[in-house]
Each structure stands twice: as C-alpha cells, then as structure tokens.
Amino acid sequence: MRNNQFVRMTALLLLASSALLACGDQTEQPAVTNAVTEDSAAVTTEAVTEDNRPALELPEMDFGGAQYRISSVEQADADSLVVDEINGEAVNDLIFERNAYLCETYNFDFVSEVAEDGTTHEKAVAKVILAGEDAWELIYGNCVLTCNNAIDGVYANWYEVPHVDFDQPWYPAQTVEQMTINDKMFTVASGINYKQLDSAKVLIFNKNMLAANDLETPYQSVLDGTWTMDRLISQTKDLYQDINGDSKRDLGDQYGFITHPEQNGFLMSCNAQVLSKTADGGLEFSVVTDKMASLVEKLYGWYYESGDVFLGSFRANEDDFSPKVFIEGRAAYTFAHLSHAPTYYRESDINYGIAPMPKFDEQQESYYVFACPSMFSVPISCQNLEFAGFVFEAMTYYGYYDVTPAYYELTLQGKIADSQDDVAMLEIINNNLTASFAYCYDNWQGFAHLLGERMKFNKNSGTKDLASAFEKYKKSAQRRLDTVLAGFADE
C-alpha cells in the first residue's frame with residue numbers, strides 16, 4: 001500500500017498522544033506491525049519520520065510577510081484549510097500546527113475568506129478576477145460551479161503554476177488524470193485537506209450481521225483485488241426478513257443493501273466512464289458500451305427485481321434516510337459517503353466496517369473511488385504564481401502526511417488499534433480517490449448523472465434502455481461538451 005499513512009497515525013495516537021507532529025520537530029515512533037487479517041501476510045513498516053518519508057523538495061524561501069489569501073465557498077471548506085486556534089481536536093490541531101510551521105518557516109500569513117452566499121461564490125470571484133484584481137492566491141469552489149468559471153478563462157492552468165508537482169503521491173493520481181485535458185487542468189482536488197477523502201463514495205457494512213449469516217467481511221477480497229460487483233451482490237442475497245410482520249417489503253424490514261438508486265458511485269468504481277479521451281486529447285461520449293449496458297442491467301435487476309435492496313433517501317429529514325435505516329441494524333451493507341461514518345455511525349451501536357465500492361470484474365486493474373469535493377484553482381489575475389504554488393505544495397504535503405491520517409482516527413470511532421482492517425481499507429480508498437471530469441464539467445447537462453436524470457432510476461422504477469436514453473439527450477449533452485472543450489482548446 002502506498003506510503004502506509006495509517007502506520008504513522010497509529011504511532012502518533014497510541015504512543016505519542018502529547019505530541020503534535022504536523023510540521024517541524026518530529027520524534028521517531030516505534031515500528032508498527034499491522035496484521036490486516038489472520039489469513040493475510042502481516043505488513044511491517046519502519047518508523048515514519050521526516051527522514052524516511054518522501055522529501056518535500058522546495059527551496060528556502062522568505063515571502064516577506066505576504067498574505068496568502070484563500071476564498072472558500074463554505075465555512076466547512078475554509079475550516080479544513082485554516083483554523084484560528086488549537087482546540088484539542090486532532091484534525092483541527094494538526095491543521096493549526098501545520099500552518100503555524102509554514103508561516104514561521106517561510107514568513108507569510110494566511111487570510112481565509114468565506115463566501116456570504118455559497119450559491120453566488122463563483123460569480124462573485126469571477127467578477128473580481130476578470131476585472132484584473134489580484135485578490136486571492138487560491139480559490140476553493142463548488143466542484144461544478146467553479147468548473148463553469150474554469151471554461152470561462154477565470155483560472156490559471158495548474159501545470160503553469162511553479163513548485164506544484166502532480167506526480168507526487170500527495171496528489172490523487174486518478175483525479176489529476178481525470179481533470180486534465182489537452183495538458184490543461186484548471187481545477188483539482190488535493191491532499192491539502194481531508195475533504196476529498198471525506199466525500200468518497202464507499203460501502204459501510206454491519207460486521208455482526210455478516211457474521212450472523214456466515215458471510216465473510218470484504219476485507220480480504222479487497223486486498224486480493226477480487227472485490228467485484230458480483231461478489232457484493234452475492235453478499236446481499238437472501239438477507240431480507242419481514243421484521244415488522246406485515247408481509248410487505250417496506251421501511252421496517254431487513255435488507256442486504258440500502259442505497260439511493262440514482263447514485264453514480266458504481267459507475268466510477270466500475271470504471272464505466274460516460275466520457276472517454278480521444279487520441280487527439282479531446283473527449284467523446286462513451287455511454288453506450290457493452291460494459292455500461294451490462295452494469296445498468298445488473299443494477300436494475302439488483303435494485304428492482306431481487307428483493308434484496310431497499311431504495312431509500314439521502315435526505316436526513318426523511319424517514320427512509322439510508323444512514324438511519326442502517327443505524328437501526330436493518331441492513332448488511334449501505335452506500336455512504338465516508339463523511340457519514342463520523343457523522344452518523346461513529347456514536348451508534350453498530351459494529352461497522354468500511355470498504356471501497358467494488359470493481360466491475362477481476363480483470364479491472366484498479367479500484368476507483370468516486371469523490372468530488374470542492375476544487376482548488378489559482379486566479380488568472382494572481383500576480384505571484386510562485387507564492388501561490390509554493391504554499392499550495394507545502395500545505396498539500398503536510399496535509400497528506402499529517403492531517404489526513406488524523407481523519408482516519410475520527411472515522412474509526414477513536415479505535416484505530418482495534419480497527420486495523422478498516423485502516424487498511426481507508427488507505428486503499430485514499431490512494432484511489434478520483435474526481436469525475438464529466439460530473440464536474442457537464443453542469444447537469446450531460447450524462448454524469450446517468451442513472452438518475454437520464455435512466456430515471458428512483459425508489460419505484462428505472463429503465464434499462466441505455467440506447468434510448470442516450471439518443472434522447474445526446475444533442476444537448478454534445479452542445480455542453482463542445483462548450484467545455486472550447487475552454488480547454490489551444491489559444
């Protein structure tokens with residue numbers, strides 16, 4: 001596993017609870033041995049220190065007290081980058097220590113601004129930037145709306161920003177590949193904070209229910225690369241029970257799987273892309289393929305014909321809210337955003353585990369974990385690109401190695417020592433995060449929301465007729481795609 005972040009965090013939390021190791025004087029931690037399962041080989045990793053993790057190759061720099069100005073679309077996003085004080089919460093305190101170290105070392109200060117109205121953030125920053133005003137070094141905007149700014153020429157090409165090295169492990173490689181067209185990338189997610197990991201679409205499972213039904217947890221299958229759609233579906237088969245005794249499959253019963261049917265996490269995890277890159281660096285639709293048709297057929301049969309799946313809501317104020325049903329112990333698996341673990345499951349009585357969403361089949365080489373958080377951009381009006389890139393690179397490096405592992409602990413109920421299987425799953429999830437170019441750039445006019453808006457998957461029904469859905473919407477989708485590609489064209 002790449003970099004074994006969990007080893008560093010385990011040592012940090014269990015053996016040096018009084019030390020904040022975000023930046024600066026790191027004391028060596030003892031080696032940690034992690035047995036992923038009884039049947040798998042133990043993974044032994046040497047102590048993680050600044051001496052043996054990849055170096056941050058930045059020159060000595062003095063920015064003369066300059067202000068590094070960040071504009072964020074939401075307060076939660078802003079708080080994942082800059083905090084005002086230590087408050088005893090691990091993630092918060094590591095962010096504070098990282099930033100304090102960077103400011104002292106490179107002589108600058110952070111200024112963090114939050115939009116008064118998130119829905120107009122992108123328009124507001126675009127107006128300032130296109131007027132030529134040097135107002136910010138970094139924009140942290142809504143993943144869809146900020147991409148509308150990108151194709152309007154509001155942001156710099158990240159590949160022209162000094163000091164930022166997207167080949168490094170602290171940038172999610174699949175996300176970088178997705179968001180790059182014609183050697184240009186205007187928006188990107190980053191290891192600078194935990195927000196892309198937080199937004200990851202994953203599976204949460206009830207360990208006790210699996211054990212009671214003589215079903216193995218998915219841990220070993222994930223590690224072996226055999227965690228597939230067919231294996232997941234088989235794990236949810238014949239678990240239905242009429243708990244409330246009313247002879248109807250309804251909210252009060254037990255199911256193998258809970259999801260909201262329009263969610264598109266499976267499309268990404270199965271690498272069933274709605275857009276594909278062409279030989280000349282452009283994009284074309286790849287909606288109607290044998291693979292996509294097979295996946296749609298598989299999901300339709302599972303959702304609407306098997307009786308093993310409860311199709312719920314993702315709106316917290318509704319009775320059939322998926323996390324609520326899972327917390328009440330009435331499902332073996334549920335679709336989730338990883339953020340649901342600390343938000344809903346961490347304080348529950350459910351003995352839960354975490355797994356990535358499955359591959360399409362065993363021939364698929366990699367896991368893909370769909371995660372589209374807010375995205376980072378540098379304004380085209382920024383007058384000091386070197387400053388913008390230098391600080392972003394440094395923040396990302398320390399965010400990846402110090403802040404993100406603290407989020408593992410937050411997610412796993414404060415019991416990392418007892419949850420090594422799930423820490424390994426989080427490592428796999430974090431190392432395979434991918435945004436979706438289609439999702440970010442199609443402005444709800446393309447096929448990024450294929451199951452919901454195009455295939456009409458809902459709580460009651462959907463359609464398996466992929467070709468007809470494509471024909472119905474392809475003209476309007478092509479117009480949008482042409483507009484997007486124009487924003488990435490050579491000048």
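Our structure's up above, just so we're on the same page.
The paragraphs below set out a description of the structure included in this document. Throughout this description, residue numbers start from 1 for each chain and increase along the sequence as written. Note on the predicted model: pLDDT of at least 70 is required for a residue's local features to be given, and 80 or more for side-chain atom pairs to be given and counted; whole-chain, interface and lining totals, by contrast, use all residues. Side-chain measures here rest on the full set of heavy atoms in the structure, leaving out hydrogens and waters.

Describing the environment of Ala272
Applicable threshold: Helix and strand assignments come from DSSP, with helices taken as H or I runs of at least 4 residues and strands as E runs of at least 2, each series counted from the N terminus. For this analysis, residues touch if any pair of their heavy atoms sits within 4.5 Å.
Checked against the element boundaries, Ala272 lands in the loop between helix H11 (265-269) and strand E8 (275-277). As for Ala272 and Lys359, which are separated by 87 residues in sequence, their C-alpha atoms are 10.0 Å apart. Excluding residues within four positions of it along the chain, Ala272 makes contact with Leu267, Lys291, Met292 and Leu295.

Some points on the pairing of strand E11 (residues 331-337)
For clarity, the cut-off: Relative accessible area decides the class of each residue, using a 1.4 Å probe on protein chains only: under 20% of the type maximum gives buried, over 50% gives exposed, and in between gives partly exposed. Think of it this way: DSSP has to see at least two bridges between two strands before they count as a pair.
Among the seven residues that make up E11, six are buried, leaving the element largely enclosed by the rest of the structure. Where strand E6 (residues 201-206) meets E11, five bridges bridge the pair, whose relative direction is antiparallel. Considered in E11, the bridge of Phe205 is made with Tyr333. Where strand E7 (residues 255-259) and E11 come together, three bridges link them in parallel fashion.

Examining the packing of aromatic side chains
Put simply, the rule reads: Each Phe, Tyr or Trp ring (for Trp, its six-membered ring) is paired with any other whose centre lies within 6.5 Å, and the angle between the two planes then decides the class: stacked below 30 degrees, edge-to-face above 60, tilted in between. Placement of a charge over a ring requires the Lys NZ or Arg CZ to be within 6 Å of the ring centre, with the centre-to-atom vector within 35 degrees of the ring normal.
Taken as a whole and assessed by the stated rule, the structure comprises 49 aromatic pairs. Where Tyr345 meets Tyr352, the ring centres are 5.9 Å apart and the plane angle is 55°; that geometry is what we call tilted. Put simply, the rings of Phe63, Tyr68, Tyr106, Phe108, Phe110, Phe387 and Phe390 touch in pairs and so form one group of aromatic residues. The residue whose ring lies beneath Arg249 is Tyr240, and the NZ or CZ to ring-centre distance is 4.0 Å. It is Arg454 that lies over the ring of Tyr473; its NZ or CZ is 4.1 Å from the centre.

Remarks on the sheet that holds E7
Hydrogen bonds between backbone groups are what pair the strands of a sheet, and the pairing can be parallel or antiparallel. For clarity, the threshold we go by: A fitted line through C-alpha atoms represents every axis, and for helices the fit uses only the stretch in contact; the resulting angles, taken between N-to-C directions, go from 0 to 180 degrees.
The strand order across the open sheet formed by five strands is E10-E7-E11-E6-E12, and the pairing between neighbours is mixed. Every interior strand has two partners, whereas the edge strands, strand E10 (309-311) and strand E12 (352-356), have only one. For this sheet the average axis-to-axis angle between neighbouring strands, irrespective of direction, equals 25°. Pairing analysis gives five bridges linking E6 to E12, with the strands arranged antiparallel. The partner of Leu203 across the bridge, within E12, is Ala355.

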